[in-house]
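Residues per chain, in single letters:
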Number of protein chains: 2
Amino acid sequence: MLSKKTKYGLKALTFLARAEGDAPVQVGTIAKSENIPQKFLEGILLTLRKSGILGSKKGKHGGYYLRQDPSEIKMTDVMRVLEGPIAMVPCVSLNFYEKCDDCPDEHACSVHKLMIMVRDNTLKVLRNNTLADLSNTKS
Amino acid sequence: MLSKKTKYGLKALTFLARAEGDAPVQVGTIAKSENIPQKFLEGILLTLRKSGILGSKKGKHGGYYLRQDPSEIKMTDVMRVLEGPIAMVPCVSLNFYEKCDDCPDEHACSVHKLMIMVRDNTLKVLRNNTLADLSNTKS
DNA sequence: ATTAATCCTACCGTTTTAGTAGGGATTACA
DNA sequence: TGTAATCCCTACTAAAACGGTAGGATTAAT
């Protein structure tokens, strides 16, 4: 299951991508428009900023903004920041690899085999889609 | 993340597929061989039986067995029984559809669009793989 | 100085996960 | 007919994750 955190984060990013101009957008504005609890969204945007995807401006008239063009922001990066590993099992994760404690031989493991295939196909989708693709209102 | 339940279930099914002959296999045998807590595995095999994937024989010399040839058992079915919906979001689930409570227009939702693509690619993998493919020791 | 915003930490109730415990029902076999 | 092995079922539990909320510190514009 996709967490609310990720879902809300994606919606917020889409909102920012669609927002014209480069003036920072306030959390409250996004929260209201996208039906997201404001305080919850605050934390989400904070982690997006810490990861380098968003920038922020403090104080009055402050807010958040994208640090790159939407077409440069890959879904793999966003998903890893918000949702964590893309692989469904740590033993097939590229960025968060971990050995299974059961499972004596990884290469003989049937789950391993299947999850590598799932991962590769998911990666293909997430690598081929940028925030610009999501923000596009057409189809 | 794949739950332990699903992981253990897949391993158990693989074990059964590899077991020669049609004599039922006991939970204890599988548990020991695959490093799975026996009592936990008991429950998992029970749900697999209730879903129709496994059959069982009670009493002494009882155990579990596959009800179809491994090549007939699709990963989509197994995953839906053990892990639940394949889609990451209920609003793109084929078998477990549910409307989002936020999100006024599903078709305008960027998350929806992305998750449909992910789902379709995952489905492709799971539909094209049977238990026979998993059990195959080669590559 | 006031106001409006981000930033940060801590907390909290609910649900899910990953089991464990204990026994009932059924069957093989001596 | 008795006993051991096995599946079957319910209930319980500790720990983690999820989905927030609360309260205030900090920073910047006016």
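None of the values given here were measured: they were computed from a predicted structure.

Cut-offs and rules
Position numbers for residues count from 1 along each chain, tracking the sequence in the order it is written. Each chain gets a letter, beginning with A, and each ligand a number, beginning with 1, in the order they are written. pLDDT decides what is reported in this predicted model: residues at 70 or higher carry local features, side-chain atom pairs at 80 or more are listed and counted, and totals for whole chains, interfaces and linings draw on all residues regardless. Note that water and hydrogens are dropped before the side-chain values are worked out from all heavy atoms of the structure. Only runs of H or I of at least four residues qualify as helices and only runs of E of at least two qualify as strands under DSSP, and these elements are numbered from the N terminus. Remark: exposure states derive from per-residue accessible area (1.4 Å probe, protein chains only) relative to the maximum for the residue type, with buried under 20%, exposed over 50%, and partly exposed in between. Only heavy atoms enter the contact rule, under which two residues are in contact if any of them lie within 4.5 Å. The split of the chain into domains comes from an automatic or database domain assignment. For any pair of parts, buried area is found by adding up, for both, the accessible area (1.4 Å probe) each one loses once the two are put together. Counted as salt bridges are all cases of a side-chain nitrogen of Lys or Arg within 4 Å of a carboxyl oxygen of Asp or Glu. Each polar contact in these results corresponds to two N or O atoms within 3.5 Å; when the atoms are within protein, one needs to be able to donate a hydrogen and the other to accept it, and residues that are neighboring in sequence are counted only if both atoms are side-chain atoms. Classification used: nonpolar for Ala, Val, Leu, Ile, Met, Phe, Trp, Tyr, Cys and Pro, charged for Asp, Glu, Lys and Arg, polar for all others including Gly.

Thoughts on the overall build of chain A
From N to C terminus, chain A includes six helices and two strands. Ordered by position from the N terminus, the helices and strands of chain A form the series α-α-α-β-β-α-α-α. By principal-axis analysis of the C-alpha atoms, chain A measures approximately 60 × 30 × 25 Å. Expressed as a percentage of the 139 residues in chain A, the buried residues total 48%. Taking the intrachain contacts of chain A between residues at least 6 apart in sequence as the baseline, contacts between residues at least 24 apart amount to 60%.

Some details on the domain arrangement of chain A
Residue and element names in this part refer to chain A. Taken as a whole, chain A is organised into domain 1 (4–66) and domain 2 (72–135). Placing the centre of domain 1 and that of domain 2 at their C-alpha centroids yields a distance of 26 Å. Listed as interface residues are 14 residues of domain 1 and, on the opposing side, eleven residues of domain 2. For the pair domain 1 and domain 2, the summed buried area comes to about 1000 Å², and 77% of that belongs to carbon and sulfur atoms. Of all residues in domain 1, T6, L10 and I53 give up the largest surface area on contact with domain 2, accounting jointly for 43% of the area buried on that side. Run the count over domain 1 and domain 2 and you get zero salt bridges. Taken together, the links from domain 1 to domain 2 amount to two residue pairs in polar contact (both at pLDDT 80 or more). Secondary-structure elements contributing two or more residues to the side of domain 1 that touches domain 2 are α1 (4–18) and α3 (38–50). Considering each element in turn, the side of domain 1 that touches domain 2 owes the most residues, eight residues, to α1. Per-class residue counts for the side of domain 1 that touches domain 2 are seven nonpolar, five polar and two charged.

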